[in-house]
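# Breakdown of the fold
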Amino acid sequence: MILKKWTTSLGLLSLSALVALTACGTPASPGKEGKDAATGEAAADGGKKTLTIATVNNPDMAIMQKLAKDYEKETGTTVKFSVLPENDLRKQVTVDVSMGGGKYDIVTIGNYDAAIWAKNKWIEPLTTYFDGMSADAKAKYDLEDIFPAVRDGLTYDKQLYALPFYGESSMLYYNKDMLAKAGVTMPEHPTWEQVAEISKKVKAANNVPGIVLRGLPGWGEVLAPLNSIIHAFGGSWYDMNWNAKLNSPETVKAVKFYADLLKEAGQPGATTTGFTEALTLMSTGKAAMWYDATVAAGFLNNPKNSQVVGKIGYVKAPSAAKDNTGWLWSWNLAIEAASKNKAEAFKFMTWATSKEYIAKVGESEGWVVAPPGTRKSTYENPKYKEAAPFADIVMQSMISADYKKPAKDPVPYQGIQFVSIPEFQQLGTEVSQDIAAALTGSTSVEDAMKKAQEKAEKVAVSGGYKK
């Protein structure tokens, strides 16, 4: 079975619940604990510690649970995992951190959450902990090795609040045999218009969808690829004055392009296609091209799950009015502000996100499943590059991801496939439903985006963004 693990289906707590919850706990000073974590010395009380980690049920974390047994033997610290579906994880963890419950020491969050949770003081800033590390320990961990765009997504008010164990951008996959049969060649840096033309030719020549794209409603489903295309076409969600721009000519053009591409060259029943369904089509040779997360490259190149190993080509996210349009997502570990084991939590986090941990996974589980998208050194490792022919494209995509400046023109938000405001989880979901109606043909793109515009305007006012 192919498991889904990342940017997709990011069901979070509803807006009303998230906004209503307020932080009750004040983070403890990390000074002494930071030194303990840096040196690896025993906790002040001399007793054994138990860490509780709340995390998603994905393959990367399954490997972490397995390898954590070695960490327990090395340190004497007991590590307990509370493994939950994404929806349940968000609800339970958000309630706990907002009330200062301290049920979890380490929580798993997305880069969408990081700044929001940091602002609410739900998670612990990590800068002082790193400052307390010895020079050797700091050099060994090597924060500069983490992709800058990933670090940016985990930084609030100039402080780092989480450490990444998995990251992704987006890129275009294509079946080389199918393109050859159609007599077409994929440009090294294609535009979306070129992709559309190629997809139609390949569909006619191979009698399969020329391209597969997500259409399943959800801010982490259809809006993941579509938002990056909206930004590529010069559109945006808001301008610098927080005026909604979802019915602007550029945004409407991008959504219409997406809808037309699916209609003319895409898979049937697009609104039932999420990441998992799209991956299945591509990995079984039932689609010629696919634009989606870079993490899928490992699955498409894994003989256990894929029928197209060796047949797939890779290029960076296509361009239009803007280049560097690949999205950015990461799953990350953060210390809950109310944790009573912050020193040990930091120590575990640096272990689980280190170069050494990635090598440990590569050697024990296979390099093709080593945690992707976090460190430059992974993509410079000869063993990883041999197992992952897509490594160079992924590294380039991660480096060029424009998280701070997602749109062609200046915008007041960060994030490429999402808008970094708490309200986006609900707003994005509702807008995705309007767009899904346009994809099915039950309404026009123009009418769908008119509805979306009204919703985005209301959020700008009710959220206090628009003055």
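Let me begin by describing the structure that accompanies this report. A quick note: this is a predicted structure, and the numbers were derived from the prediction, not measured.

Turning our eyes to something else, we now look at the overall build of the protein chain. Counting its regular elements, the protein chain contains 21 helices and ten strands. Here the protein chain, with 467 residues, has 57% of them falling under the buried criterion. Taking as baseline every contact in the protein chain between residues at least 6 positions apart, the subset at least 24 positions apart corresponds to 76%.

Here we come to the nonpolar core. One finds Tyr-173, Trp-192, Trp-237, Tyr-238, Met-289, Trp-290 and Phe-348 to be the most contacted residues of the largest nonpolar core, which totals 152 residues. For this core, the leading source of residues is helix α12 (residues 249-265), giving nine residues. The residues touching Trp-290, leaving out its near neighbours within four places in the chain, are Met-171, Leu-172, Tyr-173, Ile-211, Val-212, Phe-275, Ala-278, Leu-279, Met-282, Ala-296 and Leu-300.

Inspection of the entire model under this criterion finds 30 aromatic pairs. Ring centres 6.4 Å apart and planes at 65 degrees place the aromatic pair Tyr-156 and Tyr-161 in the edge-to-face group. Residue Tyr-161 is classed as buried on the basis of its relative accessible area, which comes to 9%.

A few words now on the pairing of strand β8 (residues 289-293). Burial runs high along β8: five of the five residues are buried. Looking at chain direction, strand β7 (residues 170-175) and β8 are connected through five bridges and run antiparallel. Bridge pairing in β8 links Met-171 to Asp-292.

Orientation of helix α3 (residues 59-75) relative to helix α15 (residues 342-352), taken along the N-to-C sense of each, is 125 degrees, at an axis distance of 11 Å. By the angle between their axes, α3 is oblique relative to α15. In the crossing of α3 with α15, the sense of the turn from one axis to the other is right-handed. Where α3 approaches α15, its residues Met-64, Leu-67, Ala-68, Tyr-71, Glu-74 and Thr-75 are matched on the opposing element by Glu-344, Lys-347, Phe-348, Trp-351 and Ala-352.

About the criteria used
- Residues numbered from 1 in each chain as written.
- Predicted model: local features only at pLDDT ≥ 70, side-chain atom pairs only at ≥ 80, totals over all residues.
- Heavy atoms only, no water.
- Helix = DSSP H or I, 4+ residues; strand = E, 2+ residues; numbered from the N terminus.
- Buried < 20%, exposed > 50% of the residue type's maximum accessible area, 1.4 Å probe, protein only.
- Contact = heavy atoms within 4.5 Å.
- Core = buried A, V, L, I, M, F, W, Y, C linked by side-chain atoms within 4.5 Å.
- Phe/Tyr/Trp six-rings, centres within 6.5 Å; stacked < 30°, edge-to-face > 60°.
- Pairing = 2+ DSSP bridges.
- Axes fitted to C-alpha atoms, helices over the stretch in contact; angles between N-to-C directions.
- Parallel < 35°, antiparallel > 145°, perpendicular 65-115°, else oblique.
- Left-handed = near helix turned anticlockwise from the far one by under 90°.

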